[in-house]
Structure formats: C-alpha cells, structure tokens
Amino acid sequence: MLNINNLQVTIQDEKQNIKPILRGVNLSIKPGEVHAIMGPNGSGKSTLANVLAGREDYHVTEGTVALNNEDLLLLEPEERAARGLFLAFQYPTEIPGVNNMYFLRTALNGLRKRKGLPPLDAADFLMLAKSKIKEVGLDETFLHRAVNEGFSGGEKKRNEVLQMMMLEPSFIILDETDSGLDIDALQMVGRCVNSLRAHARMILVVTHYQRLLDYIQPDVVHVMSNGKILRSGDKTLAHELEAKGYGWLEPEVKS
Amino acid sequence: MANKLIKEVVNQHYPYGFITQIESDTIPPGLNEEVIHLISSKKNEPAFMLEWRLKAFRHWRTLSPPTWAHIHCEPIDYNEIIYYSAPKSAEAGLKSLDEVDPKLLETYKKLGIPLHEQGRLAGVAVDAVFDSISVATTFKAKLHEAGVIFCPFSEAVQKYPELIEKYLGTVVPYRDNFFAALNSAVFSDGSFVYIPKGVRCPMELSTYFRINTAKSGQFERTLIIAEEDSYVSYLEGCTAPMRDENQLHAAVVELIAFDNAQIKYSTVQNWYPGDEEGRGGIFNFVTKRGHCRGVNSKISWTQIETGSAITWKYPSVILQGDNSIGEFYSVALTNHYQQADTGTKMIHMGKNTRSTIISKGIAAGHGQNTYRGLVRMQPYATHARNYTQCDSLLLSSTCGAHTFPYIEVKNPSARVEHEASTSKIGEDQLFYCRQRGLKIEDAISMIVNGFCKQVFKELPMEFAVEAQKLLEVSLEGSVG
C-alpha cells in the first residue's frame, strides 16, 4: 500500500532559485492496482517518480509518503529498492566498462540477500537472464555489453524492462517508458507489465500520452498539472484527455 | 548526502603502514663521494661500477631539480636523506629461503607477498627488496633450469659483470635527468632479469619493494634484457610505513627487447600516500624506459598508481626496431592531497612502429592528477601509428585533472590519434546503481572499476583482482 499525503517538493535551479514543483500531491495505491499519471510537460509527474525513488536533487518541504506503513522519505535509495521499489528510468544512465550481466546479477543477488534468499549462481542466473531478455526483444549480446553504453534510446528502455522483469519488484514506477518507443516496443512494454500484474504488486505508470494505456489497462488514471493532481478517474479519463487535450481540465494549462 | 557518503567510502585506511622492528645497518644521512665509495664497497663492486657512480654523482651536482611538472613540493634536502640501510640479518647474503630472517618473512606475509614457493603466488617468482637490499628471491632454481637469470641487482654485478657493464645506462643514461643521475650515483639494489634467446620465461617475475627505515630513500635499479624471440612478464609492487615526514623513492628501470622479443612490465604502486591533511607520504620520482632495439619487438607498460604523495613518472618506449610495438596502460588515482604527474613517451624511430596509450586518471579529495605524454614520430618512422586515449574521472569538486599531450611528427606518413575526456562521477550513475539496490560504496567501486577496465585487463591474472581491491581501498572516502 502506497500513501502519498500533501507532498510538496521544491528544487533549486542553477541560479540558486528555489522553485516549487509539487504543490500538495495526494495519491493512494492499493496492492494489485495499476495507476497512471498523465499530464503536460513540466507538470511534475517525473519529479514525483524521482522523489519516490529517492533522488537527491529534490527537497521535500511538506507531506508524507508511506510505503506499506513505513516512512519512505527516511530511506536511502538503495533501502527503498530493498523494499521492492523499482523505477524504470526515463533516461537510463550509461555505465562504461561495467558488464550488463554483472550489474544485473549484483543487483539481483543483493536484493535476494536482503530477502534471506541464497544468491543465484552464474549458471542459473544466465538461464533466467536469457529467457527474460527474449521477452523484452533484445539480443543476448546485450548481456555482455556495458550497461546501456552505446544502446539506442529504444534499447535502453528495453534494458530497463529487462531489469524490471529480473528483479520482480513489488512497487514499479515507469517514468515515461513509452517515450521514443515504436509500436512494437510499446506492445512489448505492455506485455511485460501485464505479466507482472499481481494481487500484491503496485504499478505506477507515468506517461505523457494515452497510447501506452491501450496496452496497460490502468485501474485509476490521474491527471497532473502544475504540481497537483487535478482529477482522478477510470481509464475513460485518459481517452477523454486524448480527445480534448489538457486544456480541457484547466484553461490556463497548455497541452 | 551522496557526497558525504562518497567521502566516507573513499577514505579508507592505508593497511600497509606498519613498521618492522629489525636491526639495520644504516649509514648516517648525507650525500658526498665518501657515501658513494661506502655504498660501492658494501656491495663489493668492481671498479667500473664505482667509476660510473662517481661520474653520475659529479654530473648530478651540476643539475637542478626539474620544475616543469604540475606538482608542488617543498625543496628536498638531499643531505637529510639516508642512502643506505639494510637489515643486518640479510646483509651477509643468503644461500636459501630457509635462512631469511623470520621478521622479514612475517613482514612480507603481512603485505600479502608470501616468500615461499607454494600457495597463492605459486606461479610467480618474487624478489623482495627491503630498504636498500634484496632479502629473498624465490624460484631461483626453477628459473635457472630455463636459463633465465632473475636475481638481485647487486648479485648480478658480482656474477654477471659483463652483462651489467654492457647494458647498464644504455637506455637511461645517468645524464638523462636529475633523478636518474641521483639514482645512478647511489642506487643500492633492485632486480636483474636476463631472458636468453628463444626462451619464454616459464613464470611471472615480480619484485616487491618495501621502504622501512625512517628518513631513508630507496633508489633501486632494475634492468631487464630480453634476447631474440624471448618473452617475459614482470610485475613490481611497492609499499611503505606511515610516517609524518616525506621519504624519497627514485628508481630507474631499463628494459631492452631484441628482435621479436616481448617484455610486459606491470606496476602496482601503493607507496604510503600521506594522511588526509597531506602530511607525509613518499615522493616517487621514477625514470622508466624501454628500448625496442630489435625488429618486431614489443614492450608494454601497465601501471596502477594509487600511492605516493607525489608521483613523477613517465614509462616510455623507444621504438627503434622496424614494426616494433610500444604500449602504455595506466590507472593513476590521487586522493586527499596526492599529486600525480604521469604519462609516457613514445619515440617512433623505425618503420611501421605502433604505439598505444590508454591513460585513466581518477582524482578525489584535493588530489591533482596530470597526464603528460609525448608522441614523437622521427623522420624515418614511415607509416608509424599512435593511438592515445586519456580519460579523467573526478570524484570531488576540489580535485583536478589535467592533460598535457605533446605531439611531434617529422614524417608525413605517420598517423597520430588523440582522444581525451573528463567527467565527474555521475550523480546519475550513482543514483541508478542505488535505485537497483547497490550500496553506495559498491556503486562507486563498480563505476570506477568500469572506468579502469581497459587497463585492468592488461594486468597478469594473479594481480588483476588485487588491483581492483587496491583501488577500492585507496578510494575510501573521496568525493566531496
């Protein structure tokens, strides 16, 4: 269960000006639910995703976030990951010289250790990785390359989905995973996310467009603008938005 | 927050800073012709050696220390330094490993260099140099069978004076530079390697240098000769106790490769770097040069430089033989107030000579890290090629990385490529790793190791893992 209550966040820009980004966000996700957050550029959706994951550029000034009744904001990013939080990055980082498979295995075995599970040995891991990489539509050679180095935008996103499939987190945040993807890749993301839908798992899909939601049917759709959630509803809200634009909800917000 | 954590990770302690309590024969500080006579007589050297030392000394007195490097250090008083110190128990010379003083064995065991011929380093022959002399050499018999000579330099002067006289100073003449002249005058020990024609040295050779006595300098000299069609891989390691005052280490290494010969020389340099405020540490002024004398010969330098308060070092290759190859792979890390000015010189003389330079500089704390490299294509170096890649990684906002490439091309068919990059360790990379559940120290070491991978893969297998660990230790506590 995720509970966000009156979350207010600021950021300091290069000129040391303090800018409010989130202005009181309220959101609850129950186990088994898929929520989507839509909104125009600059509305604060990616900030919300990053604040939940613990990125340090942001300053929380008000409000609380509880994941399964634990204060998420007190935890370091790696501790949040250990609680099952996974962020599929909008712009995945390249880590030159670090083997993709080594990275994945270190991450997976680290999480397993925290759960009291024995580490997967190299052979078992390789088998698992090979089956999952097929599902995300990447060639096996990507396992032996450096993390995201020289990957195309689409390949990076597929690599994010691969990590999600391997780590099987209990709270997944997809931060504009659909941006820059072609229709085949979108379908793949949809298939993978749907395969992870489970009664105990929470999924938060942050997206600019409605089209990803053709493949992932959300239980709840939220529309965010100017740092606040303006409206929540079922999936028909997404279609309505697509038809009428963001301006429909708030005249001063440009789509 | 991340910065604070990174700092903690990077500031681990130097684990080799202990002092061995051992009775030593130490001469008083000071440098004059008498001292040189004394060193030479202690080593029972032939006349040519003493003469050479004296010539070097007289030349040295006409020189002043170089000032062009990007380093700051107080002038060194050369009369304050002890030029000879040796454990008494080892001075008389050793017949076998069983005779080695247990205190010395214990010292090397603590340093992770077992001086017996089994166990972890079973495939590596070790020459252990303690202050001014070699205290033990393993696997001498096995190497002898293969025809390989691997012994302390002072022993070589006794047993193979003709080889020493023929080759000493032919790659790095005593006139080369200030520190080479000083070394030539006062050098005490080091290793000598001779690989006969057609022999592939059956094991890794290594020398482990340890400075122990306070105020002493270490001036070792290493000479490796690879005859036609031979191969040798050699590794040196270095550590010193933690002391508040600086100590001087000024070594000279000369490599000679004849037709089709290959020499692979690796260094893991972990001299005491000084404390967090920059007190103490070793001044490491070293001249290393290889000479590809024969056709198709190859010399590779790989260095992992994590120690020393100051490192001044440019392992170079003179590519004289046609089709010869020179390589330089370097990881240099400076933390706290460490300064490194290091790089290489590739002097292309022969046709179709090729050189590769891969330099990875990592700066943390207030560390200053400089790459300085010369690529020179001489008029007869037709179709010579060089590729240089210099990357710097900054782990703090108070450190510095500098690159000074010098390129001189006197042959129109030569090709020189230079690539350079500087990046700050990404908050993005760290966050990405941590989001996947990695602890910050694991994330930093993973990113730094990835950065150095191109160089680590050049190290002999026995030492590649150690080098990674060493980097982790040296990095403890460094971004801010």
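Everything below is about the structure shown above.
Residues numbered from 1 in each chain as written. Chains lettered and ligands numbered in written order. Predicted model: local features only at pLDDT ≥ 70, side-chain atom pairs only at ≥ 80, totals over all residues.

A. Up close: the overall build of chain A. Along chain A, the regular secondary structure elements total seven helices and twelve strands. Radius of gyration (C-alpha) of chain A: 18 Å, near the 18 Å computed for a compact globule of 255 residues. Principal axes of the C-alpha set define a box for chain A whose edges measure 55 × 40 × 40 Å. For chain A, buried positions account for 42% of its 255 residues. Counting contacts in chain A only where the partners sit at least 6 residues apart, residues at least 24 apart contribute 68% of the total. (Helix = DSSP H or I, 4+ residues; strand = E, 2+ residues; numbered from the N terminus. Rg over C-alpha atoms; globule rule 2.2 N^0.38 Å. Buried ≥ 20, exposed ≤ 12 C-beta atoms within 10 Å, placed from the backbone. Contact = placed C-beta atoms within 7 Å.)

B. Focus on the interface of chain A and chain B. On the side of chain B, 18 residues touch chain A, which itself brings 20 residues to the contact. Considered class by class, the residues forming the side of chain A that touches chain B number twelve nonpolar, five polar and three charged. (Nonpolar A, V, L, I, M, F, W, Y, C, P; charged D, E, K, R; others polar.)

C. Broad picture of the sheet that holds strand E4 (residues 58–67) of chain A. All names here are of chain A. Read from one edge of the open sheet, four strands run E2-E1-E4-E5, paired in antiparallel fashion. Here the strands that pair on one side only, and so sit at the sheet edges, are strand E2 (18–29) and strand E5 (70–71). Sheet topology note: the strand E1 (residues 2–12)/E4 ladder contains eight bridges and is antiparallel. Bridge pairing links Thr10 to His59 in E4. Here helix H1 (residues 45–53) sits on the sheet and contacts E1, E2 and E4; the angle it forms with E4, its principal contact strand, is near 70°. (Pairing = 2+ DSSP bridges. Axes fitted to C-alpha atoms, helices over the stretch in contact; angles between N-to-C directions.)

D. Highlighting the pairing of strand E9 (residues 171–175) of chain A. All names here are of chain A. The buried fraction of E9 is high, at five of five residues. Where strand E6 (residues 85–88) lies against E9, four bridges are found, and the strand directions are parallel. Within E9, the position partnered with Ala88 by the bridge is Leu174. Across five bridges, the pairing between E9 and strand E10 (residues 202–207) is parallel. Bridging across to E10, Leu174 finds its partner in Val205.

E. Representation of the sheet that holds E10(A) in the model. Residues and elements named next belong to chain A. Read across the sheet, six strands follow the order E6-E9-E10-E3-E11-E12 without closing on themselves; strand pairing throughout is mixed. One side of each edge strand has no neighbouring strand; the edge strands of this open sheet are E6 and strand E12 (228–233). Each strand axis lies, on average, 20° off the axis of its neighbour in the sheet, ignoring direction. Packed on one face of the sheet, H1 meets strand E3 (34–38), E6, E9, E10 and strand E11 (220–225) and runs near 145° to E9. Relative to the sheet, helix H5 (residues 153–167) contacts E6 and E9, its axis offset from that of E6 by approximately 165°.

F. Molecular detail of the pairing of strand E18 (residues 339–348) of chain B. All names here are of chain B. Within E18, ten of the ten residues are buried, leaving the element largely enclosed by the surrounding structure. The two faces of E18 match: Gln339, Asp341, Gly343, Lys345 and Ile347 on one face and Ala340, Thr342, Thr344, Met346 and His348 on the other face are all buried. Two strands pair when backbone bridges link them, and strand E15 (residues 310–313) and E18 are joined in this way by four bridges, in the parallel orientation. Bridge pairing links Trp312 to Asp341 in E18. Where strand E16 (residues 316–319) lies against E18, three bridges are found, and the strand directions are parallel. Across the sheet, the residue bridging to Val317 is Met346, located in E18. Pairing between E18 and strand E20 (residues 368–377): ten bridges, direction parallel. If you follow Thr342 over to E20, its bridge partner there is Tyr371.

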